[in-house]
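Structural features, examined
For reference, the chains in residue letters:
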Amino acid sequence: MPALVVVGAQWGDEGKGKIVDLLSSEARMVVRFQGGDNAGHTVVFGGKSYALHLAPSGILHPRTRVVIGNGVVVNPLSLLEETRMLAKRGVSVKGRLFLSPAAHVILPTHRLLDALREEGGRGIGTTKKGIGPCYEDKVARIGIRVADYLDAKAFPGLLDIALRVRSAELQRVKPIREIRAEVMRDWPRLRRFLAPFVRDTAALVESELKAGRRVLFEGAQGAMLDLDYGTYPFVTSSNTHAGSAAAGSGVGPIWIRSVLGITKAYTTRVGRGPFPTEIEGSVAHYVRETGHEYGTTTGRPRRIGWLDLVQLRWALRTNGVTALGMMKLDTLANIHPLKVCTAYKLRGKTITEWPYSRRDLFELEPVYESFPGFAGDLTKARSWGELPKGARDYAAWVENKLGVPIPLVSVGKDRKQTIWRSRKGLWG
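Residues numbered from 1 in each chain as written. Predicted model: local features only at pLDDT ≥ 70, side-chain atom pairs only at ≥ 80, totals over all residues. Heavy atoms only, no water.

A few words now on the environment of lysine 16. Position of lysine 16 relative to the elements: it lies in helix 1 (residues 16–24). A residue is classified by how much of its surface remains accessible, and lysine 16, at 3% relative accessible area, is buried. Taking the C-alpha atoms as reference points, lysine 16 and glycine 261, 245 residues apart in sequence, are found 8.6 Å from one another. (Helix = DSSP H or I, 4+ residues; strand = E, 2+ residues; numbered from the N terminus. Buried < 20%, exposed > 50% of the residue type's maximum accessible area, 1.4 Å probe, protein only.)

What follows is the structure, encoded as structure tokens:
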């Protein structure tokens with residue numbers, strides 16, 4: 001089958017953007033299937049860094065077409081700013097970027113609600129981009145889809161309905177009439193901007209698959225932020241797992257046979273919520289600064305932890321991962337010793353399965369195995385054999401413990417700083 005799904009196997013920020021960008025040269029089309037502009041992908045090519053939030057990473061390849069699927073929530077202003085940024089840097093989106101008419105639109109009201117709920121640290125640590133409130137409206141059946149946003153007769157009335165339902169909260173910020181006026185002020189130009197990109201993307205994707213052309217499905221966030229299988233309630237507002245690739249793009253699941261999970265050689269998390277292997281102190285500081293562990297979207301420092309095999313097994317199983325990419329192996333250089341979590345202690349009992357209970361998640365104590373570290377500048381390695389033996393042993397040990405092949409490791413931000421051990425079976 002010519003379809004491959006790339007998903008994050010941790011709490012996001014694993015480096016999916018780099019790998020999607022790398023694989024996009026082999027794909028006819030790249031499809032984003034969930035999330036919104038809260039997801040930041042940083043791609044480095046030719047010494048230039050591109051921070052993408054809505055456009056799939058494949059946009060940097062001139063022959064690749066990209067799709068924002070129906071499962072994505074879209075802030076029109078963010079997409080406008082992103083396309084302008086790309087144009088200034090010589091990347092054309094005309095005739096290459098397509099937007100589903102069934103995708104839901106993030107309005108200024110959603111951002112107001114998000115910020116309101118995060119005031120004083122009361123929320124779960126969102127990016128305040130309006131993602132959650134937009135998905136709420138979608139589920140509540142008062143959301144506004146792209147097709148209706150473009151409808152000059154329908155949109156004002158649908159906006160009024162949504163404002164009435166959310167008025168009790170919104171009035172705490174400013175009068176409803178002022179909020180409505182702000183939305184309507186920008187709507188005409190944003191509507192004109194969106195219109196040329198809108199196509200029946202489900203039909204476009206299916207036609208590529210039926211023709212036997214490769215389609216790459218790009219997930220946002222990570223497995224542990226999945227609405228059902230993540231560290232609930234400290235999760236995003238959509239299903240981030242590979243199964244959502246079909247639902248979020250409008251094609252049948254029969255097309256998907258291969259899933260590439262992406263993990264760091266250690267673990268990070270942004271925002272609140274349980275994080276069993278979190279560490280602090282000098283090692284955490286070294287990893288954060290060496291690995292530039294700050295959020296692409298918010299700039300917030302990421303929490304740092306050792307690699308967690310219990311968490312990874314859970315993510316691999318729920319996503320049906322067929323291969324795993326290990327990122328930022330270079331960041332672990334010069335740390336002695338290295339630790340990997342292989343089990344948890346929960347109220348005195350050893351467990352090796354990820355628990356569902358909210359209380360249990362906060363009471364987990366990691367059980368570690370330690371390894372001698374490795375030294376050297378891994379960023380210059382271009383083949384498996386050029387890596388220090390300790391680095392090779394570390395990746396091979398993780399591969400053996402997880403029972404899933406690790407065909408690639410990354411030792412830097414640039415495309416060239418990727419070491420492929422094998423590409424066999426990658427596309428199914």
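Two side chains of opposite charge can pair, provided their charged atoms sit close to one another. Counted under the stated rule, the structure contains 26 salt bridges. The salt bridge partner of arginine 359 is glutamate 363, with a shortest N-O separation of 3.6 Å. Remark: glutamate 363 and arginine 359 occur in helix 13 (residues 358–363); sequence separation between them is four residues, near one turn of the helix. You can call arginine 359 exposed: its relative accessible area is 51%. A residue is classified by how much of its surface remains accessible, and glutamate 363, at 31% relative accessible area, is partly exposed. Three or more residues are tied together by salt bridges with common partners; here these are Asp13, Lys264, Glu293, Arg302 and Lys328. (Salt bridge = Lys/Arg side-chain N within 4 Å of Asp/Glu carboxyl O.)

This brings us to empty space enclosed by the protein. Enumeration over the complete set of coordinates arrives at two cavities of 30 Å³ or more. Considered as a void within the structure, the largest cavity measures approximately 60 Å³ in volume. Lining the largest cavity, in full, are Leu107, Thr109, His110, Leu113, Asp137, Ala162, Leu163, Arg166 and Leu170. Looking at the lining of the largest cavity, the elements with two or more residues in it are helix 3 (108–118) and helix 6 (155–165). If one sorts the elements of the lining of the largest cavity by residue count, helix 3 sits on top with three residues. The residue makeup of the lining of the largest cavity, split by class, is five nonpolar, two polar and two charged. (1 Å grid on protein atoms, 1.4 Å probe; cavity = no way out; pocket = protein on both sides within 12 Å on 5 of 7 lines; lining within 4 Å. Points joined across faces, edges and corners; volume = space filled by probe spheres on them. Nonpolar A, V, L, I, M, F, W, Y, C, P; charged D, E, K, R; others polar.)

Another point: the packing of helix 12 (residues 309–319) against helix 14 (residues 389–402). Between two packed helices, what matters for the description is the angle formed by their axes and the separation of those axes. Contact geometry of helix 12 with helix 14 gives a least axis separation of 11 Å together with a crossing angle of 55°. Between helix 12 and helix 14, the angle falls in the class oblique. Considering how the two elements wind past one another, helix 12 and helix 14 form a crossing that is right-handed. Taking contact as the criterion, the partners of Leu309, Leu312, Arg313 and Leu316 in helix 12 are, on helix 14, Trp397, Val398, Lys401 and Leu402. Its residues assigned to classes, the contact of helix 12 with helix 14 shows six nonpolar, no polar and two charged. (Axes fitted to C-alpha atoms, helices over the stretch in contact; angles between N-to-C directions. Parallel < 35°, antiparallel > 145°, perpendicular 65-115°, else oblique. Left-handed = near helix turned anticlockwise from the far one by under 90°. Contact = heavy atoms within 4.5 Å.)

On to helix 8 (residues 176–194). In a regular helix each residue adds 1.5 Å, so 19 residues correspond to 27 Å; helix 8 covers 26 Å between its end C-alpha atoms and thus fits that length. A bend of about 45° at tryptophan 187 is the largest found in helix 8, and the proline proline 188 appears one to four places after it. Of all the residues in helix 8, the buried ones are Ile179, Val183, Trp187, Leu190, Phe193 and Leu194. Where the residues of helix 8 are buried, they touch helix 2 (76–88), strand 7 (97–99), helix 3, helix 5 (146–149), helix 6 and helix 7 (167–170). (Expected span 1.5 Å × (residues − 1). Bend = angle between axes of the 7 residues up to and from the residue.)

Take it as geometry only, folks, not as evidence of what the structure does.
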